[in-house]
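# Coordinate inspection notes
Each chain is listed here by its residues.
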Amino acid sequence: PLTIGVLALQGAYDVHAKALTSLGAVPRLVRRPEELEGLDGLILPGGESTTILKFLERDNFFEALDAFVKETPTFGTCAGCILLAKDVNHPAQKSFAALDIAVERNAYGRQNDSKILFEPTTLAGGPLEMVFIRAPRINRVGADVEVLAEREEHPALVRSGHLLAATFHPELGSDVRVHQLFLDMVREHKDGRG
Ligand code: GLN
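An unreviewed UniProt entry annotates the protein chain as Pyridoxal 5'-phosphate synthase subunit PdxT of Granulicella sibirica. The annotation that UniProt attaches to the protein chain under Subunit (unreviewed entry) is "In the presence of PdxS, forms a dodecamer of heterodimers. Only shows activity in the heterodimer." In its Sequence similarities (unreviewed entry) section, the UniProt entry covering the protein chain states "Belongs to the glutaminase PdxT/SNO family."

This next bit is on the overall build of the protein chain. Across its full length, the protein chain holds five helices and twelve strands. Against the 2.2 N^0.38 benchmark of 16 Å for 194 residues, the protein chain shows a C-alpha radius of gyration of 15 Å, consistent with a compact globule. Burial status across the protein chain gives 41% buried among its 194 residues.

Every other side chain in a regular strand lies on the same face of the sheet, so the side chains alternate between the two faces. The alternating pattern of strand 12 (residues 163-166) places Leu163 and Ala165 on one face and Leu164 and Ala166 on the opposite face, and all of these are buried. Examined bridge by bridge, strand 4 (residues 74-77) and strand 12 share four bridges and lie parallel to one another. Following the sheet pairing, Gly76 is matched in strand 12 by Ala165. Here four bridges tie strand 11 (residues 154-160) to strand 12, and the two strands are oriented antiparallel to one another. Residue pairing for strand 12: Leu157 is matched across the bridge by Ala166. Two successive antiparallel strands, strand 11 and strand 12, enclose a turn made up of two residues, where Gly161 displays a positive phi of approximately 55°.

UniProt records the feature "binding site: L-glutamine" (unreviewed entry) at Gly47, Glu48, Ser49, Arg105, Ile133 and Arg134, using the numbering of this structure. Spanning 88 residues, the named residues nonetheless gather at one spot, since no C-alpha pair among them exceeds 12.8 Å. When near neighbours in sequence (up to four residues on either side) are disregarded, Glu48 contacts Gln10, Gly11 and Ala79. Note that Ser49 resides in helix 2 (residues 49-56). Exposure remark for Ser49: the 26 C-beta atoms within 10 Å place this residue in the buried category.

A separate point is the sheet that holds strand 9 (residues 137-141). Adjacent strands of a sheet form backbone hydrogen bonds with each other and so pair up, either parallel or antiparallel. An order of 5-6-9 is seen for the three strands of this open sheet, with the pairing classed as mixed. One side of each edge strand has no neighbouring strand; the edge strands of this open sheet are strand 5 (85-89) and strand 9. Across the sheet, the axes of successive neighbouring strands diverge by a mean angle of 25°, strand direction being ignored. Bridge analysis of strand 5 against strand 6 (residues 99-104) gives four bridges, and the strand direction is parallel.

Cut-off values and rules
- Residues numbered from 1 in each chain as written.
- Predicted model: local features only at pLDDT ≥ 70, side-chain atom pairs only at ≥ 80, totals over all residues.
- UniProt positions renumbered as here; feature names shortened; annotations may be inferred.
- Helix = DSSP H or I, 4+ residues; strand = E, 2+ residues; numbered from the N terminus.
- Rg over C-alpha atoms; globule rule 2.2 N^0.38 Å.
- Buried ≥ 20, exposed ≤ 12 C-beta atoms within 10 Å, placed from the backbone.
- Pairing = 2+ DSSP bridges.
- Contact = placed C-beta atoms within 7 Å.
- Axes fitted to C-alpha atoms, helices over the stretch in contact; angles between N-to-C directions.

Okay, structure coming up:
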């Protein structure tokens, strides 16, 4: 089976681990840089990206993750999407800049800061439940970024090569199609390398 890390410094990591288990993968909660060793893929969960970054300042964890996400399949959800993004605004913040998108943090204001939508996507199986919590908005995607789902005409689920990012929380709710997609990407990457 595939071993998938879930960064477990802060935020919604436990529910990701459950989704992975339900799909036959082995989750590993990652709290130290050496726990990245041997992973087939990694999930950067939602939470508070500023807080997660603060934890990453210790033990050269930021540098270790920076190198990891550039080589190994990684799925960023919400705060995790912000950490992967090339450009971060509102306010600007350090990131791995691995995924060629621009995000605006907390872009929906107080009134709309949590919202559940059912929207069509490029995934088979009908509309997808998307749970947004103090979500960022993707305002720009690079030419090699594929848009798989949208919220109000802005990309909400995107893929570029070995990287996947969602501005919502696919681990909340019972639909595991986005996690399945990520596991398929991880398998593809692993087989591709032989
Ligand atoms: N607002 C958070 C941030 O800017 C993200 C919210 C979330 O992950 N649900 O990091």
